[in-house]
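# A look at the structure
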Amino acid sequence: MKVCLCTISYREKLLEVALAAAQRVQFQAVELWGREPHVPEEYDESRIRGIRAAAEERGLKLPVFGSYLYFGKTQHKDDNVTLVDTLHNAHGLRTPIVRVWASDVGSSKATPEVWKCVIEEAQQACHRAAKMNVVFAAEMHDGTLADTGPTARRLVEEVNRPNFRLNFQVGNYDQEDQLQRLEEVLPYVVHMHCQNFVKGNGDGQYKRVQIADGFVDYPSLLGRLKANGYAGHVAVEFAAEEGDNKEQSLRKDLEYLSAF
């Protein structure tokens, strides 16, 4: 299993800080966060070239660009992320996979019009991206059409393009068994975000912990991926601890995931 670090784990720092930390912890790759101060939303050729060079100097591969390109957005109307800028960024960074978002409304509230808009925009984008050998990976996230296993599968099958796939991550804990969530979409997963939690002290909130320690059964999830021939990356998205223990926390997650 190939493991990478999401630079969003250092979202409050300059990208150079995240890259330096990834190198010290001994990650081999990073998923670039598509927001300032890491990657500009609007394409800037000189900055993108510099980002690529900075990663290469540290021996870090760039398998995924974590963009904020929304298909069929309803709420983020003032977001200035465009398909053209996103594809230029991916091309300049030479990232084969681009994380995208299937609207900004949950599947249970989405109207047929929202579904239609998302599917049509995704199909049009895939046509342009295919010319650049870019694969879009819709993130399985709350507040999107890909918030459950069945709706994420429906999304991919209705877009029906070979370069439209999924970025799997756990979620919807009270409604879905996480292994079944993965089974629903297993053929379409090209990237995975890893995070784990325990329930808080009676407040209904979840507390982030090391990936090995929470209620999500990662041995089962990763074992199923491996058995299905998964050849992509699994990403440590956030550190379980901040401050002086942050790099030690990331190192624990890297070692744990690398054992699969």
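In this report, we go over the structure that sits alongside the text. What you see is a predicted model; the values in this text were computed from it and never measured. (Residues numbered from 1 in each chain as written. Predicted model: local features only at pLDDT ≥ 70, side-chain atom pairs only at ≥ 80, totals over all residues. Heavy atoms only, no water.)

## Let's talk about the layout of surface pockets
Our working rule: Grid points spaced at 1 Å and placed over the protein atoms alone form the basis of the search, with a cavity being a set where a 1.4 Å probe fits but cannot get out and a pocket an open set showing protein on both sides within 12 Å along at least five of seven lines. Lining residues have an atom within 4 Å of a point. Grid points are joined across faces, edges and corners, and a volume is the space filled by probe spheres set on the points. Only DSSP runs of H or I covering at least 4 residues are called helices, and only runs of E covering at least 2 are called strands; the numbering of each starts at the N terminus. The classification used treats Ala, Val, Leu, Ile, Met, Phe, Trp, Tyr, Cys and Pro as nonpolar, Asp, Glu, Lys and Arg as charged, and all other residues, Gly among them, as polar.
Size it by volume and the largest pocket reaches roughly 350 Å³. What lines the largest pocket is a set of 27 residues, and nearest its centre among them are Glu139, His141, Gln169, Gln195 and Glu237. Breaking the lining of the largest pocket down by element, the ones donating at least two residues are β2 (29-33), β3 (61-71), β4 (97-102) and β9 (206-209). It is β2 that contributes the most residues to the lining of the largest pocket, three residues altogether. Here the residues of the lining of the largest pocket sort into twelve nonpolar, eight polar and seven charged.

## Comments concerning the pairing of β2
Under the convention used in this document: Remark: exposure states derive from per-residue accessible area (1.4 Å probe, protein chains only) relative to the maximum for the residue type, with buried under 20%, exposed over 50%, and partly exposed in between. Strands are labelled as partners when DSSP assigns at least two bridges between them. Handedness is read with the strands pointing away from the viewer; a crossover is right-handed when the path from the first strand over the helix to the second is clockwise.
Counting buried positions along β2 gives five out of five residues, so the element sits mostly inside the fold. Alternating residues of β2 divide into Ala29, Glu31 and Trp33 and Val30 and Leu32, and every residue in both groups is buried. Pairing of strand β1 (residues 2-6) with β2, which is carried by two bridges, proceeds in the parallel orientation. From the neighbouring strand, Cys6 faces β2, where its bridge partner is Glu31. Handedness of the β1-helix α1 (residues 15-25)-β2 crossover: right-handed. Relative to β3, β2 runs parallel, the two sharing four bridges. The residue of β3 that forms the bridge with Ala29 is Lys61. As for the winding sense of the linkage, the β-α-β connection from β2 through helix α2 (residues 45-57) to β3 is right-handed.

## Details of the nonpolar core
This is how the line gets drawn: For this analysis, a nonpolar core means a set of buried residues of the types Ala, Val, Leu, Ile, Met, Phe, Trp, Tyr and Cys, connected via side-chain atoms within 4.5 Å.
Counting 83 residues, the largest nonpolar core has Phe136, Phe164 and Met192 as its most contacted members. A total of eight residues in this core trace back to one element, the largest contributor, which is helix α4 (residues 112-130).

## Things to note about unusual backbone geometry
Peptide bonds are mostly trans, and most non-glycine residues show a negative phi. Note the cis peptide between Glu36 and Pro37, where omega equals 5 degrees. Among the structural elements, Pro37 can be located in the loop between β2 and α2. Even without being glycine, Ser103 reaches a positive phi, approximately 65 degrees. Tracing the sequence through the fold places Ser103 in the loop between β4 and α4.

## Some details on empty space enclosed by the protein
Think of a ball as big as a water molecule: rolled over the atoms, this probe shows where empty space is left. Taken as a whole and judged by the stated rule, the model has two cavities of 30 Å³ or more. Counted as a void, the largest cavity has a volume near 40 Å³. Lining the largest cavity are Gly34, Pro40, Glu41, Phe65, Ser67, Tyr68, Val81, Thr86 and Asn89. The dominant element in the lining of the largest cavity, judged by the number of residues it contributes, is β3, at three residues. The class makeup of the residues in the lining of the largest cavity is four nonpolar, four polar and one charged. There is about 30 Å³ of room inside the second largest cavity. Around the second largest cavity sit Gln195, Asn196, Arg208, Val209, Ile211, Phe238, Ala239, Ala240 and Asp253, which together line it. Grouping the constituent residues of the lining of the second largest cavity by class yields five nonpolar, two polar and two charged.

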